[in-house]
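Here are the chains, one letter per residue:
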Amino acid sequence: MIRAFLFDLDGVLTDTSEFHFLAWKRLGEDLQIPFNREQNEALRGVSRRESLALLLQGKTVTEEEAQQLMERKNRYYVDYIKKLTPANVLPGSREILIELASMGLKRMIVSASKNAALVIKLLQIGDLIDGVVDGSSQARSKPAPDLFLLAAKALDLDPKFCLVLEDAAAGIEAAHAAGMLAVGLGPVERVGAAELVIPSLEGQSAISILKRLDKKKSTYTWA
Ligand code: B16
Ligand code: MG
């Protein structure tokens, strides 16, 4: 029985992924490294440091330069997300969080982002969740299972009772490594490893997600 939904933030509850893309693109322009949307797909859900390595495409920099570049990208990013308002909560998300609360199920946000607290504050969804595990923890980033395991621990739940909702391949991999089932949001080519794939949370309900997972249970192993 699923007792908690663990929501990724960027790409699931809000679309800050566009702002990450714009900020990396701007840094790429500063460095005269071309960077397009297709290349950006590989950065989805991965940490700031790994994203920088992918942007640099093998170009080596010192640790000091890497720190400065990450800080610069983050300044660009924070500048973009300052404009976030509750209207930037993706359709269906708020309704599912409210539904889960009424069902007595736990809701956590589990994000690789060090800016998660700011985003949650601007979206005004803090009251709808039980807690946050984010990139400010010392845990390894997705695809390692650490962030999801920390969330299960904070809820005092066995990981098998937690369901992850993710838009990134790295996030689905992390969920499975944590021993959790995953719902993938987006195209099958990206999140097809998840037990259930849906386009987004729009028009979905927690009940329908759980029912569809249950119907498909002969296709996967649940610990
Ligand atoms: P920051 P999520 C992830 O958030 C983003 O998808 C990814 O693009 C970003 O590099 C990562 O957070 C780190 O973000 O630079 O703000 O610390 O999808 O795990 O909610
Ligand atoms: Mg994401």
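The coordinates are above.
Bear in mind that the values here come from a model prediction, so they are computed numbers and not experimental data.

Criteria and cut-off values
Residues numbered from 1 in each chain as written. Chains lettered and ligands numbered in written order. Predicted model: local features only at pLDDT ≥ 70, side-chain atom pairs only at ≥ 80, totals over all residues. Heavy atoms only, no water. Near = heavy atom within 4 Å. Polar contact = N/O pair within 3.5 Å; in protein donor to acceptor, adjacent residues only side chain to side chain. Areas by Shrake-Rupley, 256 points an atom, 1.4 Å probe, with all protein chains shown as cover. 1 Å grid on protein atoms, 1.4 Å probe; cavity = no way out; pocket = protein on both sides within 12 Å on 5 of 7 lines; lining within 4 Å. Sits in = over half its atoms within 2 Å of the grid points. Phe/Tyr/Trp six-rings, centres within 6.5 Å; stacked < 30°, edge-to-face > 60°. Helix = DSSP H or I, 4+ residues; strand = E, 2+ residues; numbered from the N terminus. Buried < 20%, exposed > 50% of the residue type's maximum accessible area, 1.4 Å probe, protein only. Lys NZ or Arg CZ within 6 Å of the ring centre and 35° of its normal. Points joined across faces, edges and corners; volume = space filled by probe spheres on them. Nonpolar A, V, L, I, M, F, W, Y, C, P; charged D, E, K, R; others polar. Domains from an automatic or database assignment. Salt bridge = Lys/Arg side-chain N within 4 Å of Asp/Glu carboxyl O.

## What about the site of ligand 1?
And then number 1: Looking at ligand 1, there are 18 residues lining it, with Asp-10, Val-46, Ser-113, Lys-114 and Asn-115 nearest.
And then number 2: Gly-45 is positioned with one of its backbone polar atoms (N or O) 3.1 Å from an oxygen atom of ligand 1.
And then number 3: Protein contacts shield 98% of the accessible area of ligand 1, which totals 460 Å² for the unbound molecule.
And then number 4: Put simply, ligand 1 lies in the largest pocket.

## Description of the packing of aromatic side chains
The description of an aromatic ring pair rests on the distance of the ring centres and on the angle between the ring planes.
And then number 1: What the rule picks out here adds up to 3 aromatic pairs.
And then number 2: Considering the side-chain rings of Phe-21 and Phe-35, the 5.9 Å spacing of their centres and the 40° angle between planes classify their relative orientation as tilted. One end of the pair, Phe-21, is in helix α1 (residues 17-30); the other, Phe-35, is in the loop between α1 and α2 (37-40), and 14 residues separate them in sequence. For the pair Phe-21 and Phe-35, a shared accessibility class is recorded, and that class is buried.
And then number 3: A cation over an aromatic ring shows up here: Arg-26 above the ring of Tyr-76, its NZ or CZ 3.8 Å from the ring centre.

## Side note on the layout of surface pockets
And then number 1: As a volume, the largest pocket reaches approximately 600 Å³.
And then number 2: Along its surface, the largest pocket is lined by 34 residues, and Val-46, Ser-47, Arg-48, Ala-112 and Ser-113 are the ones closest to its centre.
And then number 3: For the lining of the largest pocket, the secondary-structure elements that each account for two or more residues are α1, α3 (48-56) and α4 (63-81).
And then number 4: When residues of the lining of the largest pocket are assigned to their parent elements, the largest contribution, 5 residues, is made by α4.
And then number 5: Across the lining of the largest pocket, the residue classes tally to 7 nonpolar, 16 polar and 11 charged.
And then number 6: Taken domain by domain, the lining of the largest pocket gets at least three of its residues from each of domain 1 (4-15 + 86-216) and domain 2 (17-81).
And then number 7: Its boundaries defined by the atoms lining it, the second largest pocket holds a volume of some 270 Å³.
And then number 8: Taken together, Met-1, Ile-2, Leu-105, Leu-181, Leu-210, Leu-213, Asp-214, Lys-217, Tyr-220, Thr-221 and Trp-222 make up the full set of residues lining the second largest pocket.

## Describing the pattern of salt bridges
And then number 1: Applying the stated rule across the entire model yields 13 salt bridges.
And then number 2: Residue Lys-142 is joined to Asp-8 by a salt bridge in which the shortest nitrogen-to-oxygen separation is 2.8 Å. Of this pair, Lys-142 sits in the loop between β3 (131-133) and α7 (146-155) while Asp-8 sits in the loop between β1 (4-7) and α1, and the two are 134 residues apart along the sequence.
And then number 3: What emerges from the salt-bridge pattern is a single network uniting Glu-41, Arg-44, Asp-167 and Arg-190.

Take it as geometry only, folks, not as evidence of what the structure does.
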